[in-house]
Amino acid sequence: MASLEELRGELDCLDEQIIALFEKRMEVCSLVADYKIENGRKVYDRAREQEKLLKAASRVEHAYNKKGVQELFTLLMSVSRKLQYQKLSACGTTGRLPFIEVKELDVKNSRIVFQGVEGAYSEAALKQYFGDEVNSYHVRTWKDAMDAIEDGAADFAVLPIENSSAGAVNEVYDLLVEYENYIVGETVLPVSHVLAGLKGSKEDEITRVYSHPQGLMQCEKYLYDHPAMEKISVPNTAVAARKIVEEQDVHHAAICSACAASLYGLEILREQVNDNRHNSTRFIIVTNQKIFLEHADKISICFELPHESGSLYQILSHFIYNDLNMTKIESRPIEDRPWEYRFFVDFEGNLADGGVKNAIRGLREETKSMKILGNY
């Protein structure tokens, strides 16, 4: 039997041959790209690639090796496609993205909508991003806010998308798919919840607590330690504060901001009841215009994939080959298609960048559907 050193030497020799064949293969792939560019052919031919994978696997007897050969050729064809996308980009055939670059947002002549009532965290986020001197108004739900900008009743909407403790705001992700509205900015707001009640209320006598579902989630530990407090969900933390005033019951309290408590004349019974002392919420600024700021450096997209093994892995490789840093990925169930998911990805970049255009072209060709949610 050969020694370990001899076996490693044989592997090294085989690897050298594989590398030489790989480089030769990529030279031929480059010529294929030239032909496709000249003749206006698409890069991705799913049917042909599936046929090639089956043919490659048929040449191998061992079941384990069949899987390995399919994985190897899947990767080889993926690398080949990315080379072809890059050549298309170099030839200026990336295609125009339907977004217009602007120097700044026209805030002075705009109307801005937020969900909730006065004193809501969304209002605080609005002021943090746009300033105090803006024309703004509030609506009951996030869907109402999206309707307002789609219908032209408002120019921008401020919506929560993610909390550092409770995670993604799923309904807002779904609304970004449902509506032709786009993200143009974001702001991160520190969130510190208080327990607020009527004057004369006592913390240990509270039997009912109102707040937004996310607010209740962010205060789970505090509420667990106070089992006598019944949790009631309302559309907004500021709505919760207003409800305490309306009910005039000293045994009811709201989890809301100190600002909302002050606005509605409530007494703070306990400060900082949220579990995470560094709790914060990321809000997005949404409009119905396909625009992006010239210095925007984050892109959000969503896409659907074929329900096949390895499809997500192949798609995410587009970020690697174009040197793009992916910062977040979320998945949401697709309505009426059990166990199928839509993926939401944030990555660094600007829609004017060549690498971004190249990646987006590949994503559009290889996903079932893809939407750019915004560049901000």
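For the structure, see preceding data.
Everything in this summary refers to the structure shown in the same document. (Residues numbered from 1 in each chain as written. Predicted model: local features only at pLDDT ≥ 70, side-chain atom pairs only at ≥ 80, totals over all residues. Heavy atoms only, no water.)

## Re the pairing of strand β12 (residues 280-287)
For clarity, the cut-off: Burial classification: accessible surface area is computed with a 1.4 Å probe over protein chains only, and a residue below 20% of its type maximum counts as buried, one above 50% as exposed, and the rest as partly exposed. The secondary structure listing takes helices from DSSP runs of H or I that are at least 4 residues long and strands from runs of E that are at least 2 residues long, numbered from the N terminus. Here, any two strands with at least 2 DSSP bridges between them count as paired.
Of all 8 residues in β12, 8 are buried; the element is thus mostly enclosed. The two faces of β12 match: Ser280, Arg282, Ile284 and Val286 on one face and Thr281, Phe283, Ile285 and Thr287 on the other face are all buried. Of the pairings in the sheet, the one linking strand β4 (residues 156-163) to β12 comprises 6 bridges and is antiparallel in character. Among the inter-strand pairings, Pro160 is bridged to a residue of β12, identified as Phe283.

## Comments concerning the sheet that holds strand β7 (residues 193-197)
Counted only if it meets this: Axis lines are fitted through C-alpha atoms, for helices just across the contact stretch, and the angle between N-to-C directions can take any value from 0 to 180 degrees. The contact definition used throughout considers only heavy atoms, calling two residues in contact when any of these lie within 4.5 Å.
Within the open sheet, the 5 strands sit side by side as β9-β8-β10-β7-β11. Their pairing is mixed. Since the sheet does not close on itself, it has two edges, and those belong to β9 (230-233) and β11 (267-270), each with one partner. Across the sheet, the mean angle from the axis of one strand to that of its neighbour is 35°, orientation sign disregarded. Where β7 and strand β10 (residues 252-257) come together, 5 bridges link them in antiparallel fashion. Looking at β10, one finds that Ala196 is bridged to Ala254. Lying on the sheet, helix α9 (residues 237-247) is in contact with β7, β8 (208-211) and β10; it crosses β10 at an angle near 150°.

## Here we look at the packing of aromatic side chains
Selection rule: Each Phe, Tyr or Trp ring (for Trp, its six-membered ring) is paired with any other whose centre lies within 6.5 Å, and the angle between the two planes then decides the class: stacked below 30 degrees, edge-to-face above 60, tilted in between. Two thresholds decide whether a charge sits over a ring: the Lys NZ or Arg CZ must be within 6 Å of the ring centre and within 35 degrees of the ring normal.
In the structure shown here, the tally under the stated rule is 6 aromatic pairs. Among the aromatic residues, ring-to-ring pairing joins Tyr129, Phe130 and Phe156 into one connected group. The cationic tip of Arg111 hangs over the ring face of Tyr137; the distance from NZ or CZ to the ring centre is 4.0 Å. If you follow Lys290 out to its NZ or CZ, it ends over the ring of Phe99, 5.9 Å from the centre.

## Quick notes on the pattern of salt bridges
Short version of the rule: Salt bridges are defined by distance alone: a side-chain nitrogen of Lys or Arg within 4 Å of a carboxyl oxygen of Asp or Glu.
Throughout the structure, instances matching the rule amount to 22 salt bridges. The closest approach of N and O atoms between Arg337 and Glu304, which form a salt bridge, is 3.0 Å. Here Arg337, found in the loop between β15 (326-333) and β16 (341-348), pairs with Glu304, found in strand β14 (residues 298-304); they are 33 residues apart in sequence, far enough to count as distant. On the accessibility criterion, Arg337 (26% relative accessible area) is partly exposed. Owing to a relative accessible area of 10%, Glu304 belongs among the buried residues under this scheme. Its salt-bridge partner being Glu365, residue Arg361 comes within 3.8 Å of it at the nearest N-O pair. Here the residue Arg361 and the residue Glu365 both occupy positions in helix α12 (residues 354-366), the gap between them amounting to 4 residues, near one helical turn. Glu365 gets classed as buried once you look at its relative accessible area, which sits at 16%. Where salt bridges share partners, they join Glu162, Glu186, Arg282, Lys298, Lys328, Glu330 and Asp346 into one cluster.

## Focus on the side chain of Arg332
Looking at the element boundaries, Arg332 is found in strand β15. In contact with Arg332, other than residues within four places in its own chain, are Asn170, Tyr173, Asp174, Glu340, Tyr341, Arg342 and Phe344.

## Remarks on a nonpolar patch on the surface
The following threshold applies: Put simply, a patch holds well-exposed residues, over 30% relative accessible area, that have no salt bridge, with like charges counted together within 9 Å and Val, Leu, Ile, Met, Phe, Trp or Tyr side chains within 5 Å. Method for areas: the Shrake-Rupley scheme with a 1.4 Å probe, in which residue coverage is limited to the protein chains shown.
Residues Leu75, Tyr313, Ile320 and Tyr321 make up a contiguous nonpolar surface patch of roughly 440 Å² in combined accessible area. Sorting elements by how many residues they give to the nonpolar patch places helix α11 (residues 311-321) first, with 3 residues. Here Ile320 shows up in helix α11. On the basis of relative accessible area, Ile320 is assigned to the exposed category, the value being 60%.

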